[in-house]
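# Architecture at a glance
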Amino acid sequence: MDKLTRADLMGLEQYAVERKAFREKVIAHKASRKVHIGPNATLYFEDRLTMQYQIQEMLRIEKIFEAAGIEEELEAYNPLIPDGSNWKATFMVEFPDVDERKQQLSKLIGIEKKVWVQVEGFDKVFPIANEDLARETDEKTSSVHFLRFELTPDMAVAARDRSPLHMGVAHPHYAYEVEVSAAVRDSLAADLR
């Protein structure tokens with residue numbers, strides 16, 4: 001997938017006019033890029049459109065319009081766009097109750113390394129996690145992690161050919177597996193060359 005450039009972004013005035021329609025388009029797109037794994041974990045798969053939205057929102061919120069500031073946002077978010085041989089996702093561990101969340105995050109250290117994807121007929125692929133910075137301590141893991149799943153060329157071909165896709169977490173304190181819906185599978189297949 002091509003990385004974003006300044007030419008792909010709307011100016012603040014144009015974005016203010018187009019934001020509602022663009023936001024609706026992105027929300028609909030994201031629906032086919034989300035996978036719940038058990039009751040408290042979700043993978044949100046990123047792509048060029050989701051990152052364009054993220055950058056546009058950051059520029060709007062921070063009122064960034066100078067070239068240097070826009071380039072900083074592009075440098076921060078472009079690495080989250082898949083490269084054609086991988087899937088990139090934001091992994092969230094979600095416990096609504098604050099006390100329960102603190103307790104569970106202390107039990108789930110290392111969970112980001114135990115998330116997996118599997119194209120049917122191939123081995124599970126575990127992610128390269130948090131390339132930007134460490135997101136856990138000796139006491140707890142973070143509720144947000146950034147994951148990259150590198151696929152072999154044969155896996156990519158099978159995924160593009162619509163082979164069933166499974167995802168899961170294999171942590172001692174959180175173990176779930178799901179078969180991915182056809183809509184999500186097809187959306188993710190579009191990320192691959």
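Before reading further, recall that the structure is shown in the block above.
The following paragraphs examine the structure supplied in this document.

Rules behind the numbers
Residues numbered from 1 in each chain as written. Predicted model: local features only at pLDDT ≥ 70, side-chain atom pairs only at ≥ 80, totals over all residues. Heavy atoms only, no water. Pairing = 2+ DSSP bridges. Helix = DSSP H or I, 4+ residues; strand = E, 2+ residues; numbered from the N terminus. Axes fitted to C-alpha atoms, helices over the stretch in contact; angles between N-to-C directions. Left-handed = near helix turned anticlockwise from the far one by under 90°. Contact = heavy atoms within 4.5 Å. Nonpolar A, V, L, I, M, F, W, Y, C, P; charged D, E, K, R; others polar. Salt bridge = Lys/Arg side-chain N within 4 Å of Asp/Glu carboxyl O. Buried < 20%, exposed > 50% of the residue type's maximum accessible area, 1.4 Å probe, protein only.

## Observations concerning the sheet that holds strand 3 (residues 86-93)
Pairing in this open sheet of five strands is antiparallel, and the strands run 1-2-3-6-5 from one edge to the other. Of all strands in the sheet, those with a lone pairing partner are strand 1 (34-36) and strand 5 (128-129), marking the two edges. Two strands pair when backbone bridges link them, and strand 2 (residues 41-45) and strand 3 are joined in this way by five bridges, in the antiparallel orientation. Its bridge partner being in strand 3, Tyr44 is matched across the sheet by Thr90.

## Side note on the packing of helix 2 (residues 48-62) against helix 3 (residues 67-77)
It is the contact of helix 2 with helix 3, at a shortest axis distance of 10 Å, that shows an interaxial angle of 145 degrees. Helix-helix and strand crossings are classified by hand; for helix 2 and helix 3 the assignment is right-handed. On helix 3, the residues touching Met51, Gln54, Ile55, Met58 and Leu59 of helix 2 are Ile70, Glu73, Leu74 and Tyr77. A per-class count over the contact of helix 2 with helix 3 returns seven nonpolar, one polar and one charged.

## Focus: the pattern of salt bridges
Counted under the stated rule, the structure contains 12 salt bridges. With its nearest N and O atoms 3.3 Å apart, the salt bridge here joins Arg60 to Glu57. Placement of both Arg60 and Glu57 in helix 2 is noted, with a separation of three residues, approximately one turn of the helix. Taking the relative accessible area as the measure of exposure, Glu57 reaches 9% and is therefore buried. Across the salt bridge formed by Arg148 and Glu150, the nearest N and O atoms sit 2.6 Å from each other.

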